[in-house]
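The lines below spell out each chain.
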Amino acid sequence: MSQIQAPITQDVLTIPRKLPEGARNLVGLTRPLLREALIEIGTPEKQAKMRVNQLWQWIYHWGVRDFAQMTNLAKDFRARLAENFTIELPEIVSKNVSADGTRKYLVKIAGGHEVEVVYIPETDRGTLCVSSQVGCTLTCSFCHTGTQKLVRNLTPGEIVGQIMLVRDDLGEWPEPGTGTGENGPRLLSNIVLMGMGEPLYNFEGVRDAMKIAMDGEGIALSRRRITLSTSGVVPEIARAAEEIGCLLAVSFHATTDEVRDKLVPINKRWNIETLLDALREYPRLSNSERITFEYVMLKGVNDSDEDARRLVRLIKGIPAKINLIPFNEWPGSPYERSDWSRIEAFADIVHKAGYASPIRTPRGEDIMAACGQLKSATERARKSRAEIAKEAGV
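Residues numbered from 1 in each chain as written. Predicted model: local features only at pLDDT ≥ 70, side-chain atom pairs only at ≥ 80, totals over all residues. Heavy atoms only, no water.

A word on the pattern of salt bridges
Part 1 of the reasoning: Under the definition given, this model contains 22 salt bridges.
Part 2 of the reasoning: A salt bridge links Glu 243 to Arg 207; the nearest nitrogen and oxygen atoms lie 2.7 Å apart. Taken as a pair, Glu 243 in helix α6 (residues 234-243) and Arg 207 in helix α5 (residues 203-214) lie far apart in primary sequence, 36 residues in all.
Part 3 of the reasoning: Accessibility expressed as a relative area gives 18% for Arg 207, which makes it buried.
Part 4 of the reasoning: For the salt bridge of Asp 348 with Lys 352, the shortest nitrogen-to-oxygen distance reads 3.0 Å. Placement of the pair is Asp 348 and Lys 352 together in helix α10 (residues 340-352), with a separation of four residues, close to one helical turn.
Part 5 of the reasoning: Looking at Asp 348, the relative accessible area reads 34%, which means it is partly exposed.
Part 6 of the reasoning: According to the relative accessible area criterion, Lys 352 is exposed, its value standing at 65%.
Part 7 of the reasoning: Among the charged side chains, a network of salt bridges with common partners joins Glu 204, Arg 207, Asp 208, Glu 236, Arg 239 and Glu 243. (Salt bridge = Lys/Arg side-chain N within 4 Å of Asp/Glu carboxyl O. Helix = DSSP H or I, 4+ residues; strand = E, 2+ residues; numbered from the N terminus. Buried < 20%, exposed > 50% of the residue type's maximum accessible area, 1.4 Å probe, protein only.)

Let's talk about the packing of aromatic side chains
Part 1 of the reasoning: Going through the model one piece at a time under the given rule, you end up with four aromatic pairs.
Part 2 of the reasoning: Measuring from ring centre to ring centre gives 5.3 Å for Phe 252 and Phe 293, while their planes differ by 90°; the resulting arrangement is edge-to-face. A residue pair is termed long-range when its members are at least 10 positions apart, and Phe 252 in the loop between β11 (247-251) and α7 (257-263) and Phe 293 in strand β12 (residues 291-297) qualify at 41 residues. No difference in accessibility class separates Phe 252 from Phe 293, as the two residues are buried.
Part 3 of the reasoning: The ring of Phe 77 has Arg 51 lying over it, and the distance from NZ or CZ to the ring centre is 4.8 Å.
Part 4 of the reasoning: Cation over ring: Arg 239 sits above Phe 203, and NZ or CZ is 3.9 Å from the ring centre. (Phe/Tyr/Trp six-rings, centres within 6.5 Å; stacked < 30°, edge-to-face > 60°. Lys NZ or Arg CZ within 6 Å of the ring centre and 35° of its normal.)

Here's the deal with the nonpolar core
Part 1 of the reasoning: Counting 102 residues, the largest nonpolar core has Ile 163, Met 210, Leu 279 and Phe 293 as its most contacted members.
Part 2 of the reasoning: The leading source of residues in this core is helix α4 (residues 156-170), at seven residues. (Core = buried A, V, L, I, M, F, W, Y, C linked by side-chain atoms within 4.5 Å.)

Digging into α10
Part 1 of the reasoning: Taking 1.5 Å of rise per residue, 13 residues should cover 18 Å, and α10 covers 18 Å from first to last C-alpha, within 8% of that figure.
Part 2 of the reasoning: Those residues of α10 that sit buried are Ile 343, Phe 346, Ala 347, Ile 349 and Val 350. Within α10, the buried residues cover an arc of 160° as seen down the axis, which keeps them to one side. In α10, those exposed residues whose orientation departs by more than 90 degrees from the buried face are Ser 341, His 351 and Lys 352.
Part 3 of the reasoning: Where α10 is buried, its residues touch β12, α9 (305-314) and β13 (320-326).
Part 4 of the reasoning: The first or second residue beyond α10 is Gly 354, which carries a positive phi of 105°. (Expected span 1.5 Å × (residues − 1). Arc of directions from axis to C-beta. Contact = heavy atoms within 4.5 Å.)

Structure below.
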């Protein structure tokens, strides 16, 4: 059985894009960058911090996009802002709503590219699955997104813009007089960086967007309500703990290098042992901030009792929970979902070893919004099952 020679690091250089002529978009600027931008248009340095605070609250707490509505700013200052800046989000091209309430948005960004964003409502939370890249470079063979070539990284504004446009759709911006943070409405309470792309290959963009999302004067999401999922970009894992500070999930999916090389080709660069060593050193590792191991259940590939026992041995000593994900099929996918009885038997072995092993309920399958199914509509060229199997080395 031939192995695919998948790209290990990005096969496309992310070339800094030329900014469009005219007004500069304020969405996605960190506080220091926003301060610099205001000083550049003549804001006195002594006033800059106050102006940043005021703009921040209007944009990220109240969701206001029109400078004219920012009534605590002087009229001449508002006019200067309108001349130089804009407050723009990516554009929702289409929205599909699943029978289970899951919403999938097709979102257009600069350059006409598209990404998909998924909102998953639950009784006690609302989780938004955010994309970090257009396409993906990892070519994980069970993932539909992985059949789409990487186009480019998303900017911080395009990442935090996904959160903001879904808050628009949910009608979640607070009314005047409503407090920030947990006192306000929280239909969108959690973020998972599990959409299109590998977040740690767009480190600065993801970091800056999450800093904006976590800022207590705006969207105000706790770092413990944000989970970053990586396929195992080992050099950036510790940095993520220090510079972002959110929870960590790892797309693990196999218990031997032979199988993981095929399922998650980045394993050829940083194998299971190297990855687990990095996780054991993870700066935030504790029982209260466990690492989530994501494990997609593929029939006859990684779902045996021996796999379950090997998984338990591998992660020994790491505070962790194991999310078992029934495989979500997509057109031409080369794998099948494990039988339910097999998934339950696997979960039972992991659970008896002392690890939480929830089986993730597939959400949004009817609108291709479930894990591993995301792929921008403009890139959804149908390949034959044989072509995809050949690429995947199965």
